[in-house]
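Next come the chains, spelled out residue by residue.
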Number of protein chains: 2
Amino acid sequence: MSDAFLPFEHVVIQGVGLLGASLGMAIRHGRLAQRVTGVGRAGSRSVEIARERGAIDEASTDLAAAARTADLVVLCAPVRQFPAAMRTLAPALRPGTIVTDVGSTKAQVMQWALELLPAHVHFIGSHPMAGSEKSGPEAARRDLYDKAVCMMTAPWQSGTGSAPSAEQRAAFERVEKLWQAVGMRIMKMPADVHDRWVATISHLPHALASTLASVAGREPEMLDAAAGGFMDTSRLASGDVDMWTDIFLTNRAVVADVLGEFQKELAAFKQAVAAGNEEAIRESLTSAKSVRDAFIARRVALGMSVKGGGDTEK
Amino acid sequence: MSDAFLPFEHVVIQGVGLLGASLGMAIRHGRLAQRVTGVGRAGSRSVEIARERGAIDEASTDLAAAARTADLVVLCAPVRQFPAAMRTLAPALRPGTIVTDVGSTKAQVMQWALELLPAHVHFIGSHPMAGSEKSGPEAARRDLYDKAVCMMTAPWQSGTGSAPSAEQRAAFERVEKLWQAVGMRIMKMPADVHDRWVATISHLPHALASTLASVAGREPEMLDAAAGGFMDTSRLASGDVDMWTDIFLTNRAVVADVLGEFQKELAAFKQAVAAGNEEAIRESLTSAKSVRDAFIARRVALGMSVKGGGDTEK
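Residues numbered from 1 in each chain as written. Chains lettered and ligands numbered in written order. Predicted model: local features only at pLDDT ≥ 70, side-chain atom pairs only at ≥ 80, totals over all residues. Heavy atoms only, no water.

## A short note on the overall build of chain A
- Looking only at helices and strands, chain A has 11 helices and 8 strands in total.
- Relative to a compact globule of 314 residues, whose C-alpha radius of gyration would be 20 Å, chain A shows 21 Å and is just as compact.
- A principal-axis box enclosing the C-alpha atoms of chain A has dimensions of 65 × 45 × 35 Å.
- Relative to its full complement of 314 residues, chain A shows a buried share of 58%.
- Long-range pairs, those at least 24 residues apart, make up 74% of the contacts in chain A with a sequence separation of at least 6.
- If the 34 positive side-chain charges of chain A are averaged to one point and the 35 negative ones to another, these points end up 4 Å apart. (Helix = DSSP H or I, 4+ residues; strand = E, 2+ residues; numbered from the N terminus. Rg over C-alpha atoms; globule rule 2.2 N^0.38 Å. Buried < 20%, exposed > 50% of the residue type's maximum accessible area, 1.4 Å probe, protein only. Contact = heavy atoms within 4.5 Å. Lys, Arg positive; Asp, Glu negative; His and termini not counted. Charge placed at Lys NZ, Arg CZ, Asp CG, Glu CD.)

## Re the confidence of the model for chain A
- Mean pLDDT over chain A stands at 93; residues scoring 70 or higher make up 95%.
- For this predicted complex, the interface confidence comes out at an ipTM of 0.84, alongside a pTM of 0.84. (pLDDT = per-residue confidence, 0-100.)

## Let's talk about the interface of chain B and chain A
- Each partner contributes residues to the interface: chain B has 93 residues there, and chain A has 93 residues.
- Both faces considered, chain B and chain A share a buried interface measuring about 9,100 Å² in area, 64% of it formed by carbon and sulfur atoms.
- Inspection of the region where chain B meets chain A yields 14 salt bridges.
- Note that Glu278 of chain A is salt-bridged to Arg80 of chain B, the shortest N-O span being 2.9 Å.
- Joining chain B to chain A, the criterion identifies 34 residue pairs in polar contact (both at pLDDT 80 or more).
- Those elements giving two or more residues to the side of chain B that touches chain A turn out to be β7 (149-153), β8 (185-188), α7 (191-216), α8 (228-233), α9 (241-250), α10 (252-274) and α11 (278-301) of chain B.
- Per-element accounting of the side of chain B that touches chain A gives the leading share, 17 residues, to α11 of chain B.
- Its residues assigned to classes, the side of chain B that touches chain A comprises 44 nonpolar, 24 polar and 25 charged. (Buried area = accessible area lost by both parts, 1.4 Å probe. Salt bridge = Lys/Arg side-chain N within 4 Å of Asp/Glu carboxyl O. Polar contact = N/O pair within 3.5 Å; in protein donor to acceptor, adjacent residues only side chain to side chain. Nonpolar A, V, L, I, M, F, W, Y, C, P; charged D, E, K, R; others polar.)

## Some thoughts on the sheet that holds strand β2 (residues 33-39) of chain B
Residue and element names in this part refer to chain B.
- Pairing is mixed in the open sheet, where 8 strands are placed in the order β3-β2-β1-β4-β5-β6-β7-β8. The sheet terminates laterally at β3 (58-60) and β8, the two strands that pair on one side only. Neighbour-to-neighbour, the strand axes of this sheet turn through a mean angle of 25°, independent of strand direction.
- As judged from the 4 bridges shared by β7 and β8, these two strands associate in the parallel manner. The residue of β8 that forms the bridge with Cys150 is Ile186.
- Each of β1 (8-14), β4 (72-75), β5 (98-101) and β6 (122-128) touches helix α4 (residues 82-89); the most contacted strand, β4, lies at about 160° to it. (Pairing = 2+ DSSP bridges. Axes fitted to C-alpha atoms, helices over the stretch in contact; angles between N-to-C directions.)

## Quick look at the sheet that holds strand β3 (residues 58-60) of chain A
All names here are of chain A.
- One open sheet accounts for 8 strands, arranged β3-β2-β1-β4-β5-β6-β7-β8; its pairing is mixed. If you trace the sheet from one side to the other, it starts and ends with β3 and β8 (185-188), each paired once. Between one strand and the next, the sheet's axes are offset by a mean angle of 25°, whatever the strand orientation.
- Here 4 bridges tie strand β6 (residues 122-128) to strand β7 (residues 149-153), and the two strands are oriented antiparallel to one another. Within the sheet, the bridge partner assigned to Ser126 lies in β7 and is Met152.
- The strands touched by helix α5 (residues 107-116) within the sheet are β5 (98-101), β6 and β7, with β6 carrying the most contacts at an inclination of about 160°.

## Comments concerning the relation of the copies chain B and chain A
- Between chain B and chain A, the superposition needs a rotation of 180° and an axial shift of 0.0 Å, giving an RMSD of 0.0 Å. Here the transformation between the copies is reduced to the relation of a two-fold axis.
- When you check the interface residues of chain B against chain A, 100% turn up at the interface there too, and the contact is symmetric in its surfaces. (Least-squares fit on C-alpha atoms with pLDDT ≥ 70 in both.)

## A short note on the pattern of salt bridges
- In this structure the tally under the stated criterion is 34 salt bridges over all chains.
- Across the pair Arg51 of chain B and Glu48 of chain B runs a salt bridge whose closest N-O atoms are separated by 2.9 Å. Here Glu48 of chain B and Arg51 of chain B lie together in helix α2 (residues 46-52), a separation of 3 residues that amounts to about one turn.
- One network of salt bridges, with partners in common, ties together Arg80, Asp242 and Asp246 of chain A together with Glu278 and Arg282 of chain B.

## Here we look at empty space enclosed by the protein
- Here the structure, examined in full by the defined rule, presents 1 cavity of 30 Å³ or more.
- Its volume calculated, the largest cavity comes out at about 50 Å³.
- Along its surface, the largest cavity is lined by Leu223, Asp224 and Ala226 of chain A together with Arg185, Phe295, Arg298, Arg299, Leu302 and Met304 of chain B.
- Of the residues contributing to the lining of the largest cavity, the split by class is 5 nonpolar, no polar and 4 charged. (1 Å grid on protein atoms, 1.4 Å probe; cavity = no way out; pocket = protein on both sides within 12 Å on 5 of 7 lines; lining within 4 Å. Points joined across faces, edges and corners; volume = space filled by probe spheres on them.)

## Regarding unusual backbone geometry
- Unusually for a residue other than glycine, Lys147 of chain A sits at a positive phi of about 65°.
- As for its placement among the helices and strands, Lys147 of chain A is situated in the loop between β6 and β7.
- One non-glycine residue, Arg31 of chain B, lies in the positive phi region at around 50°.
- As for its position among the elements, Arg31 of chain B is in the loop between α1 (18-29) and β2.
- A relative accessible area of 70% means that Arg31 of chain B is categorised as exposed.

Here you go:
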């Protein structure tokens, strides 16, 4: 394995929202591909905006046509559009083409790839943990992926694939180097471990933020008094509804399990509060604080941002 | 009522942590008092740090002695220390002295004031919705209160006091003008309404952040993959444990009620996810997003910050 990054010849990015357009910017800025094509839906303005913003070299609305010359295709559309995209790609891709994605769940995605893509292409699962409550190519930026984590799943890690060939391993390494080249730290894991982790650190927070906003919204006047704590805890509720509906649907059993664990812990805390059990309240808050403080200390040690997400002015 | 702010002669701030020291800075910066005394516990370094940082003119560890010449006393210690402070103040205060606080619950505080302070002083309940997950005079800053909301409760609004005298109304107005002078927007309400509102917009988010951190902390390795969403949603879990234990204990019945409402809403969402009920998931996320987006738009319209809280490097 050489340490030098060998640029891709032709990268096709399907879906040029926040993640896709930001990836295009990072690839073009780092000269990681000779050509980047963004594919959007017919009639959507996104792909034109992405081109105007310099995120892609050329715009297309025909995935099959664009992908014919690709050596890398990155699926950046909402996860539930993946099966249709894979069906479109299957007859178009040259042998040896690498396909990866930025989807937030992995077990379902790896399964679709196994069923829908031909054996002569290499599907590598990627989940860059980068994003924003903002969406669309207007919000894209070339440093979106910098200093964030990318979780990667190979077919042979997911329990559904067979032992890897040298070519498959090489494909995995090329994708890994691409993410590293845009600034990411790689964590490799099986699809089921990935899905359990993200259910806890990503999907659960989203469910909490959303439910918090719903409860507070019953009496909108009180929101006039809300401060930074409410603003930050509820931030994810402003996220893209389509994307998050997909995420919850494609990871539903695991999310339901994790929500169940959260419900138990919250019920215990509520019980302590209702009973005025000072020791139990204090112990619960102390233990949570030590987890949170250690998390922040670790991010600082890794050079990752500890700035809050914030909101754009609307 | 004159619109000009008449400075206080001698303001005593009991407790010079983040809130107390920041208030001292704002008062001194705005020349809103001729003299500011900070009172800390004997043996604590806080009051010296507050003086070194210019938050107070003079440091004391004797509340009664300091308060004898005060025309305003502000209780900035954790809420559960209020009864002891009020007992100490009761024989020391001159008639007409105004006492206010920055406590996060109001029904219990107003009740303590009614029972423990003499009738010849005026207790006005204040709750400035400003803070940080940071604590201590080291984190104080003079603009902490700027553009935030201060909720105020008068004894005659709390249902426990009698009709106000002209002097009581004047005392309320002086405290109101002080908060306005440090940049705050005032919302006046009865203590029970205040406690229900803050249970929803402040204590509930704290309980969620803390419980989220506890659940994620069961498998610390996964926190290496966590991103900005987890960081923001869990931010409040890094808050001061003593202060928050007090808050939950002094508002426990209302917090338990609100947690119950949240539990119902979360159970419905979990049910929708487990069943793969796309319409229910989408409707829930859409409705929450509209609440959150309206909240941010309103903050922007009011000139309030929409920047995330962020964390200090530790």
